[in-house]
Amino acid sequence: MKSDCRRRAMPVGADTYEQFCQRFSSDAACAHALFALRWPEGFHCPACRCSSYSLIRTRRLPLYQCASCRRQTSIITGTIMEGSRTPLPRWFQAMFLLSQSGGISALRLSDVLKVTYKTAWHIAQKIRFALQSAEASVIIDADYKLDAFYYGSPIYQDAQQPLLIGATLNEQEQPDRVVLHQPDPAHVDRVNRRVLASGYHAFARKHTEPHVHPTSDRYAKMHKALFPIAKSACAWLNDTFNGIGAKHLQAYLDEFAFRLNKHFQSASALLPLLHWCSVTRAIQYDELTRPKPVLVVPWIYFGSKARWKGRHMSSWGA
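Quick caveat: nothing in here was measured; it's all calculated off a predicted structure.

### Topic: the sheet that holds strand β1 (residues 53–56)
Through backbone hydrogen bonds, the strands of a sheet pair up, either in parallel or in antiparallel fashion. With antiparallel pairing, three strands are arranged side by side in an open sheet as β1-β2-β3. One side of each edge strand has no neighbouring strand; the edge strands of this open sheet are β1 and β3 (72–74). Across the sheet, the axes of successive neighbouring strands diverge by a mean angle of 25 degrees, strand direction being ignored. When β1 meets strand β2 (residues 63–66), the two strands line up antiparallel, connected through four bridges. Its bridge partner lying in β2, isoleucine 56 is registered against leucine 63.

What follows is the structure, given as structure tokens:
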């Protein structure tokens, strides 16, 4: 058959979680939507780009067999769901919940989806991986503000995570695009927990066009429009997840920034999130959990966390 993208238009009319669940209550309904998300102009074979195919329905999920090269493509091949045995409706429900303001913790997600905590965490992290791809796809192409802030308790400054926030501002000096960035430990003064000049340069190389420059002084106070965003990001991490460690912190920052940037555009985060989940490769559990460079926790130098806290209490005269 010839691909017909018009009859496979992506439905976006669900306003509530209950309506969304009803609309995408079966693998077939989700597969129908995934087709429109993956191939908005109609099916094209990943190998030869032929648009003619045969539909094979003998499995739980449909296969599309290219009429030219005979390659068979699953509806979830090349998506974050590839290789997963979790039913598609549960994936779609998780995507809906992570697109909403405030997101959702893996513990709460496991309860809503009726899956184990490990499965819920894995699903959420795969969705965050797609959102990281989305955030990385947009490069700042105008002059921007760039400031540092800290995640962690101010009474334990030696355990705080230094972060960078970059934003372009509109004519009213309000942000219209925000990037939250966790510097590499090599770009941080590990004693004072301050971002070095090399950290600011690394931000520019990764997130901006070469011709644009930050308009703020890294030794000055944070811009008044950026402070509420930094404060809200830290509060969200603590209130929703009871805190996030350094290893996975960047993924959560990108989730926060993704929804915030859609808010600035007066757009729903749901459809863009569904799109990115349908075009981003699956990341495996081993890849998610492998070690990565992070700042050393300060209590390692004291032998235990209790001794480290005791040292602080002594310094306070407690």
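Now that the structure has been shown, we can carry on.
### Structural notes on the state of the cysteines
In a disulfide, the sulfur atoms of two cysteines are held together by a covalent bond. According to the stated counting rule, one finds zero disulfides in the structure shown. Counting only cysteine sulfurs, cysteine 21 is the nearest neighbor of cysteine 30, a cysteine outside any disulfide, at a range of 9.7 Å. Looking at the unpaired cysteine 69, the closest cysteine sulfur is the one in cysteine 45, lying at 3.6 Å. Classification of cysteine 69 as partly exposed rests on a relative accessible area of 35%.

### A closer look at the environment of arginine 177
Along the polypeptide, arginine 177 turns up in strand β6 (residues 175–181). Since its relative accessible area comes to 11%, arginine 177 is described here as buried. In sequence terms arginine 177 and asparagine 261 are 84 residues apart; their C-alpha atoms lie 5.7 Å from each other. Beyond its immediate chain neighbours, meaning those up to four positions away, arginine 177 contacts Glu135, Val138, Gly166, Ala167, Thr168, Asn261 and Phe264. One polar contact links arginine 177 to glutamate 135, side chain to side chain, over a distance of 3.4 Å.

### Considerations on helix α2 (residues 27–38)
Residues separated by three or four positions in an α-helix point in the same direction, a consequence of the helix having 3.6 residues per turn. Taking 1.5 Å per residue as the helical rise, α2 with its 12 residues ought to reach 16 Å, and the 16 Å between its terminal C-alpha atoms agrees with that figure. Within α2, nine of the 12 residues are buried, leaving the element largely enclosed by the surrounding structure. Along α2, the residues that are buried comprise Asp27, Cys30, Ala31, Ala33, Leu34, Phe35, Ala36, Leu37 and Arg38. The elements touched by buried residues of α2 are β1, β2, β3, α3 (88–99) and α9 (270–279).

### Let's talk about the confidence of the model for the protein chain
When pLDDT is averaged along the protein chain, the result is 92, and 94% of the positions lie at 70 or above. Per-residue pLDDT stays below 50 along residues 3–9; that stretch engages in 18 contacts with residues further than four places along the chain or on separate chains.

### Notes on the environment of tryptophan 299
With respect to the helices and strands, tryptophan 299 occurs in the loop between α10 (285–289) and α11 (305–315). For the pair formed by tryptophan 299 and alanine 159, sequence separation is 140 residues and the distance between their alpha carbons is 8.5 Å. In contact with tryptophan 299, not counting residues within four places along its chain, are Ala159, Ser304, Lys305 and Trp308.

### Topic: the pattern of salt bridges
All told, the structure shown has six salt bridges when counted by the stated rule. In this structure, arginine 259 engages glutamate 255 in a salt bridge whose closest nitrogen and oxygen atoms are separated by 2.6 Å. One end of the pair is arginine 259 and the other is glutamate 255, both in helix α8 (residues 249–264) and four residues apart, which spans about a single turn. According to the relative accessible area criterion, arginine 259 is buried, its value standing at 10%. With relative accessibility at 0%, the residue glutamate 255 sits in the buried group. Among the ionic pairs, arginine 281 bridges to glutamate 287, the shortest N-O distance being 2.8 Å. A relative accessible area of 26% places glutamate 287 in the partly exposed class.

### Structural notes on the nonpolar core
By size, the foremost hydrophobic cluster in this structure holds 45 residues, and its most contacted members are Ile75, Met95, Leu109 and Ile127. Those elements that place two or more of their residues in this core are α2, β2, α3, α4 (106–113), α5 (117–136) and α9. A total of eight residues in this core trace back to one element, the largest contributor, which is α3. Not counting residues up to four positions away in its chain, the partners in contact with isoleucine 127 are Ile80, Ala94, Met95, Leu98, Leu273 and Cys277.

### Remarks on the pairing of strand β5 (residues 161–169)
Among the nine residues that make up β5, eight are buried, leaving the element largely enclosed by the rest of the structure. Judged from the seven bridges that link them, strand β4 (residues 145–151) and β5 form a sheet pairing that is antiparallel. Bridge assignment links phenylalanine 149 to a residue of β5, and that residue is leucine 163. The pairing of β5 with β6 spans six bridges and is antiparallel. Counted as the bridge partner of alanine 167 is valine 178 from β6. Hairpin connection of β5 to β6: five residues between the antiparallel strands, including glutamate 173 at a positive phi of 65 degrees.

### Side note on unusual backbone geometry
Even without a glycine there, the phi angle at lysine 114 is positive, about 60 degrees. Here serine 266, not a glycine, exhibits a phi torsion of approximately 55 degrees, which is positive. For serine 266, the location among the structural elements is in the loop between α8 and α9.

Reading guide: rules and limits
- Residues numbered from 1 in each chain as written.
- Predicted model: local features only at pLDDT ≥ 70, side-chain atom pairs only at ≥ 80, totals over all residues.
- Heavy atoms only, no water.
- Pairing = 2+ DSSP bridges.
- Helix = DSSP H or I, 4+ residues; strand = E, 2+ residues; numbered from the N terminus.
- Axes fitted to C-alpha atoms, helices over the stretch in contact; angles between N-to-C directions.
- Disulfide = S-S within 2.5 Å.
- Buried < 20%, exposed > 50% of the residue type's maximum accessible area, 1.4 Å probe, protein only.
- Contact = heavy atoms within 4.5 Å.
- Polar contact = N/O pair within 3.5 Å; in protein donor to acceptor, adjacent residues only side chain to side chain.
- Expected span 1.5 Å × (residues − 1).
- pLDDT = per-residue confidence, 0-100.
- Salt bridge = Lys/Arg side-chain N within 4 Å of Asp/Glu carboxyl O.
- Core = buried A, V, L, I, M, F, W, Y, C linked by side-chain atoms within 4.5 Å.

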